Amino acid sequence: MAVTVVDHPLVQHKLSILRDEETSVREFRSLCMELTMLMAFEAMRDLELEDATVRTPVAEAKVKRLAGKKLALIGILRAGLVMVDGILSLVPNARVGHIGLYRDPETLQPVQYYSKLPNDVAERDVFLLDPMLATGGSAAAAIQVLKDEGAKRVRLLCIIGAPEGIQVVEDAHPDVDIILAARDERLDERGYIVPGLGDAGDRLYGTR
Ligand code: PRP
Ligand code: URA
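Numbering of residues starts from 1 in every chain and runs along the sequence as written. Each chain takes a letter, starting from A, and each ligand takes a number, starting from 1, following the order in which they are written. Thresholds applied to this predicted model are a pLDDT of at least 70 for local features of residues and 80 or more for the giving and counting of side-chain atom pairs; totals over whole chains, interfaces and linings are not thresholded and use all residues. Values shown for side chains rest on all heavy atoms present in the structure; no hydrogens or waters enter the calculation.

Q: Please give an account of the site of ligand 2 that cites residues and values.
A: Whether a residue is near a molecule or strand depends on its heavy atoms: if one lies within 4 Å, it is near. Around ligand 2, the surrounding shell consists of Arg103, Met132, Ala134, Gly191, Tyr192, Ile193, Gly198, Asp199 and Ala200. Contacts to ligand 2 include Ile193, whose backbone N or O atom sits 2.8 Å from an oxygen atom. Under the rule applied, a polar contact is a pair of N or O atoms within 3.5 Å (in protein, one hydrogen donor and one hydrogen acceptor; residues adjacent in sequence only if both atoms are side-chain atoms). Gly198 places a polar main-chain atom, nitrogen or oxygen, 2.8 Å from a nitrogen atom of ligand 2. For the area figures, the Shrake-Rupley method with a 1.4 Å probe applies, and any residue is considered shielded solely by the protein chains shown. The fraction of the free accessible surface of ligand 2 (240 Å²) that becomes covered by protein chains is 88%. The residue classification treats Ala, Val, Leu, Ile, Met, Phe, Trp, Tyr, Cys and Pro as nonpolar and Asp, Glu, Lys and Arg as charged. All others, Gly included, are polar. Counted by class, the shell around ligand 2 contains five nonpolar, two polar and two charged residues.

Quick look at the structure:
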């Protein structure tokens, strides 16, 4: 398994605004989408290409096109929804699935309440999307849901990851690559990422 932190200046700049407690709900949402698009360049770096030819107005050109497996974008509800929208603007033909999980505030354990996946998810390259990888419980559970449906190649995109969550996913699913915009310091006693950005769902939807 590989953990990649996307250190591109645009990503880091947008992340700095995302973290700021003064950032509005509206700006937070568009920054999440933009960050996901930028991270997708790294996450999709190893997609297979095939040779093709097209006629330009001038001559025949040898070109490369995406080949291989089709893609599935899976958002963990709620916060992963916005990331799905970001990547869909780059790969509009991808199929989309949703896994509903919330973290029990007492135990910090993930509770699943929903799952709707493309019926051919086993044949697709899967990108699992959630802005926050904290204890890792939600991501590890979602990956298990995908594997139970036959998914073989899963990449996990999170905007911020804590060392504890990265380790949990690494231990449970060593075959899954993780792509982050930042690896933060630690979790606090409530399971929040420090320094993090607070509660991603609340900041996206203005629910606090
Ligand atoms: C947040 C976040 C992740 C989860 C991460 O969702 O979007 O899904 O917490 O925490 P973990 O790594 O410790 O499992 P939350 O449970 O707050 O649900 P919500 O998006 O519905 O608010
Ligand atoms: N979920 C969030 O939204 N933020 C955190 O810091 C941890 C879990």
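From this point, the narrative continues.
Q: How would you sum up helix α1 (residues 9-19)? Please name residues and give values.
A: Throughout this description, buried means an accessible area under 20% of the type-specific maximum (1.4 Å probe, protein chains only), exposed means over 50%, and partly exposed covers the range between. Secondary structure elements follow DSSP: runs of H or I no shorter than four residues count as helices, runs of E no shorter than two count as strands, and numbering proceeds from the N terminus. Every buried residue of α1 is accounted for by Val11, Lys14, Leu15 and Leu18. Looking down the long axis of α1, one finds its buried residues gathered within 105° of arc, a one-sided arrangement. The directions considered for the arc are those from the helix axis to the C-beta atoms.

Q: How would you summarise the nonpolar core if you had to cite specific residues and measurements?
A: What we call a nonpolar core is a set of buried Ala, Val, Leu, Ile, Met, Phe, Trp, Tyr and Cys residues that are connected through their side-chain atoms within 4.5 Å. Of all hydrophobic cores here, the largest spans 38 residues; its most connected members are Leu18, Ile87, Phe127, Leu129, Leu157 and Ile159. Listing elements by their share of this core, those giving two or more residues are α1, α2 (25-43), β4 (71-77), α3 (80-88), β7 (125-129), β9 (153-161), β10 (177-183) and α6 (200-205). The greatest single-element share of this core, amounting to seven residues, is contributed by α2. The residues touching Ile159, leaving out its near neighbours within four places in the chain, are Leu15, Leu18, Cys32, Leu35, Met39, Met83, Asp130, Pro131, Leu180, Ala181 and Ala182. Counting 24 residues, the second-largest nonpolar core is a separate cluster that includes Leu117, Val121, Ile143 and Cys158. When checking whether two residues touch, look at their non-hydrogen atoms; a contact exists if any pair is within 4.5 Å.

Q: Tell me about the packing of aromatic side chains, and name the residues and values.
A: Aromatic rings from Phe, Tyr and Trp, taking only the six-membered ring of Trp, are treated as a pair when their centres fall within 6.5 Å; an angle between ring planes under 30 degrees marks them as stacked, one over 60 as edge-to-face, and anything in between as tilted. All chains considered together, the criterion is met by one aromatic pair. Between Tyr102 and Tyr113, the aromatic rings sit 6.2 Å apart at their centres with planes inclined by 35°, giving tilted as the arrangement. Of this pair, Tyr102 sits in strand β5 (residues 95-103) while Tyr113 is found in strand β6 (residues 110-116), placing the two residues 11 residues apart along the sequence. We classify Tyr102 as partly exposed; its relative accessible area is 42%. Here Tyr113 falls in the partly exposed class, since its relative accessible area comes to 46%. The ring of Tyr192 is capped by Arg103, whose NZ or CZ atom sits 5.9 Å from the centre of that ring. Criterion for a charge above a ring: Arg CZ or Lys NZ at most 6 Å from the ring centre, at most 35 degrees from the ring normal.

Q: For the pattern of salt bridges, give the residues involved together with the corresponding values.
A: Here a salt bridge means any side-chain nitrogen of Lys or Arg lying within 4 Å of a carboxyl oxygen belonging to Asp or Glu. Here the structure, examined in full by the defined rule, presents 13 salt bridges. The residue Asp46 makes a salt bridge to Arg155 at a minimum N-O spacing of 3.0 Å. Highlighted residues: Asp46 in the loop between α2 and β2 (49-55) and Arg155 in strand β9, separated in sequence by 109 residues. Classification of Arg155 as buried rests on a relative accessible area of 3%. Notably, a salt bridge pairs Arg208 with Asp202, separated by 2.9 Å at the nearest N-O pair. The class of Asp202 is buried, set by a relative accessible area of 11%.

Q: Please provide a residue-by-residue account of unusual backbone geometry, values included.
A: It is generally the case that most residues other than glycine have a negative phi and that most peptide bonds are trans. Each neighbour pair has its own omega, and for Leu77 with Arg78 the value is 0°, a cis peptide bond. Secondary-structure assignment places Arg78 in the loop between β4 and α3. With an omega of 0°, the peptide bond between Val194 and Pro195 qualifies as cis. Here Pro195 shows up in the loop between β12 (193-194) and α6. Non-glycine residue Leu108 carries a positive phi angle of around 65°. Within the secondary structure, Leu108 sits in the loop between β5 and β6.

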